[in-house]
Amino acid sequence: MIEAATTSDFAAIAALNVAAYEQFAPHLKEGAWIVMQQNLSNISERARSAEFFVCREAGTVVGSVAYCPAGRGDPSVFQPDMASVLLLAVHPEHCGKGLARKLTEACIARARQDGAAAIGLFTSELMVPAQHLYRDLGFQLESELPPRHGVRYFRFILPLAVKGVDG
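Rules and cut-offs
- Residues numbered from 1 in each chain as written.
- Predicted model: local features only at pLDDT ≥ 70, side-chain atom pairs only at ≥ 80, totals over all residues.
- Heavy atoms only, no water.
- Helix = DSSP H or I, 4+ residues; strand = E, 2+ residues; numbered from the N terminus.
- Rg over C-alpha atoms; globule rule 2.2 N^0.38 Å.
- Buried < 20%, exposed > 50% of the residue type's maximum accessible area, 1.4 Å probe, protein only.
- Contact = heavy atoms within 4.5 Å.
- Areas by Shrake-Rupley, 256 points an atom, 1.4 Å probe, with all protein chains shown as cover.
- Lys, Arg positive; Asp, Glu negative; His and termini not counted.
- Charge placed at Lys NZ, Arg CZ, Asp CG, Glu CD.
- Pairing = 2+ DSSP bridges.
- Axes fitted to C-alpha atoms, helices over the stretch in contact; angles between N-to-C directions.
- Expected span 1.5 Å × (residues − 1).
- Phe/Tyr/Trp six-rings, centres within 6.5 Å; stacked < 30°, edge-to-face > 60°.
- Lys NZ or Arg CZ within 6 Å of the ring centre and 35° of its normal.

**Comments concerning the overall build of the protein chain**
Inference 1: When helices and strands are counted, the protein chain shows five helices and seven strands.
Inference 2: Ordered by position from N to C terminus, the α and β elements of the protein chain give β-α-α-α-β-β-β-α-β-α-β-β.
Inference 3: In terms of overall dimensions, the protein chain is globule-like: its C-alpha atoms have a radius of gyration of 15 Å, near the 15 Å expected for 167 residues.
Inference 4: Per-residue burial for the protein chain yields a buried fraction of 45% across its 167 residues.
Inference 5: In the protein chain, the proportion of contacts linking residues at least 24 apart, taken out of those at least 6 apart, comes to 62%.
Inference 6: About 8700 Å² of surface is accessible on the protein chain, with carbon and sulfur atoms providing 52% of the total.
Inference 7: If the 15 positive side-chain charges of the protein chain are averaged to one point and the 17 negative ones to another, these points end up 2 Å apart.

Shown next as structure tokens:
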């Protein structure tokens, strides 16, 4: 079950993010993993503009995602009318259970509820399974972003129905 995270979940989310993304560390340019860990762990800062959702198993956070409403995302990546999905993470021991799909679907549902024109996300060339998931959910590769940490990144967009236009 997906539920809203509370501030008491922030440390667990930070640890989960590091555990989920650590597999990519060997592919980053030298020193980048240290910077990336700081970004993955700065949940309190991210929570100023995004809402976190979590999935628990036996009381432990095993999956999380940040949903950023339209107009609150990074303007260098997302248009003002676009909601965004950030920091999708599933603990490596819990991959393959559909948790990433459920977390992403929760963000899509929230963006629709909020009336966003679209929802976007960015992912790297290293995250091939994530790219497959996003395409399965209807996201389309929209553009390549400037490299980060020596890795290529891409923006994916899912247009959402505009209220009053499609019924």
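**Overview of the sheet that holds strand S3 (residues 60-68)**
Across a sheet, strands are paired by hydrogen bonds formed along the backbone, either parallel or antiparallel in direction.
Inference 1: Strand order in the open sheet made by the seven strands is S1-S2-S3-S4-S5-S7-S6, with mixed pairing throughout. The open sheet has two free edges, formed respectively by strand S1 (2-4) and strand S6 (140-148), since each of these has just one partner strand. Adjacent strand axes in the sheet meet at a mean angle of 30° when their direction is disregarded.
Inference 2: The pairing of strand S5 (residues 118-124) with strand S7 (residues 151-159) spans seven bridges and is antiparallel. Residue pairing in the sheet places Leu121 in a bridge with Phe156 of S7.
Inference 3: Against the sheet, helix H1 (residues 10-21) touches strand S2 (51-57), S3 and strand S4 (82-90), its axis set at about 75° to S4.
Inference 4: The strands that helix H4 (residues 99-114) touches are S1, S2, S3, S4, S5 and S7; relative to S3, the one it contacts most, it runs at about 30°.

**Considerations on unusual backbone geometry**
Inference 1: Positive phi is not limited to glycine here, since Ala58 has a value of about 50°.
Inference 2: When you line up the elements, Ala58 lands in the loop between S2 and S3.

**Topic: H1**
Inference 1: If you check H1, its first and last C-alpha atoms are 16 Å apart, about what 12 residues at 1.5 Å a residue would give, namely 16 Å.
Inference 2: In this structure, the buried side of H1 is in contact with helix H2 (32-41), helix H3 (43-46), S2, S3 and S4.

**Digging into the packing of aromatic side chains**
Inference 1: Under the defined criterion, the tally for this structure stands at six aromatic pairs.
Inference 2: A centroid spacing of 6.2 Å and a plane angle of 35° characterise the contact between Phe78 and Phe122, whose relative ring orientation is tilted. Here Phe78 is found in the loop between S3 and S4, whereas its partner Phe122 is found in strand S5, with 44 residues between them in sequence.
Inference 3: For Phe122, a relative accessible area of 24% corresponds to the partly exposed category.
Inference 4: With centroids separated by 5.9 Å and ring planes inclined at 65°, the aromatic side chains of Tyr134 and Phe139 adopt a geometry described as edge-to-face.
Inference 5: Judged by relative accessible area, which is 3%, Phe139 ranks as buried.
Inference 6: Each member of the aromatic cluster is reached from another via a ring pair, and the members are Phe78, Phe122 and Tyr153.
Inference 7: Directly above the aromatic system of Phe122 lies the positively charged group of Arg148, at a separation of 4.5 Å from the ring centroid.

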